[in-house]
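Remarks on the overall topology
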Amino acid sequence: MEFLLSIRTETCSMVEMARYIINLSEDERLGLEDLLSRKRVSKLKTQRAQILLRADEGMTDSEVADEVGVGTATVERIRKRAVLQGIGAALDRKQQEGISRQPKLDGRAEAHLVRLACSKPPEGFSRWTLTLLGDKLVELNLVDTVSKTTIHRRLKKTTSSHGR
């Protein structure tokens, strides 16, 4: 399904802003209405399809927001994404552009962690604890700091016995 949309730039007295106008063809409208008539469609997709259909009818952002039950900023974002990236991109969730933060343990540190967990525990302990493993990784200068949760998650991915 191919979608035809247009952009119109209007100038306000104080601020220049772009208005993203939705002009759907008959096939596009039918495709969105078909999407809404399906039984198993996520609420997010349903709301976005409703936004696009109402925007095509000429409703203002605030009218669409009130009718669909979302904020006006959501309506603006959906219009903009539909015009710039297409209807498919407007209906689906936005893809994450990159990981939010780098992993604390790289492959080398993770290998050391597994090796430690499978080795004999320190003197005075019957087995490795998450805190002991974290302290040992810091002591070996593999990481500056590491939480027990990070250690737990990394060890959970392996099939080793973790020192038992």
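About the thresholds
- Along each chain, the written sequence defines residue order, and numbers are assigned to residues from 1.
- The model is predicted, so local features are restricted to residues of pLDDT at least 70 and side-chain atom pairs to those at 80 or more, both for listing and for counting; the totals for chains, interfaces and linings are taken over all residues.
- Side-chain numbers come from the whole structure's heavy atoms, not from hydrogens or water.
- The salt bridge definition used is simple: a Lys or Arg side-chain nitrogen within 4 Å of an Asp or Glu carboxyl oxygen.
- We count a stretch as a helix when DSSP gives it H or I for four or more residues in a row; a strand needs E for two or more, and each element gets its number in order from the N terminus.
- For every residue, the accessible area obtained with a 1.4 Å probe (protein chains only) is divided by the maximum for its type, and the residue is called buried under 20%, exposed over 50%, and partly exposed between those limits.

Here the idea is simple: oppositely charged side chains can pair when their charged atoms come close. Within the structure shown, the criterion is met by nine salt bridges. When the shortest N-O distance is used, the salt bridge between Glu33 and Arg29 registers 3.7 Å. One end of the pair, Glu33, and the other, Arg29, are both in helix H1 (residues 26-37), four residues apart, so they sit about a helical turn from each other. The exposure class of Glu33 is partly exposed, given its relative accessible area of 37%. Residue classification places Arg29 among the buried positions, given a relative accessible area of 17%. A salt bridge links Arg29 to Glu57, with the nearest nitrogen and oxygen atoms 3.6 Å apart. A residue pair is termed long-range when its members are at least 10 positions apart, and Arg29 in helix H1 and Glu57 in the loop between helix H2 (43-56) and helix H3 (61-68) qualify at 28 residues. Note on Glu57: relative accessible area 52%, which makes it exposed. Overlapping salt bridges, with partners in common, bring together Arg29, Glu33, Asp56 and Glu57 in one network.

Purely spatial values, then, with no claim about function.
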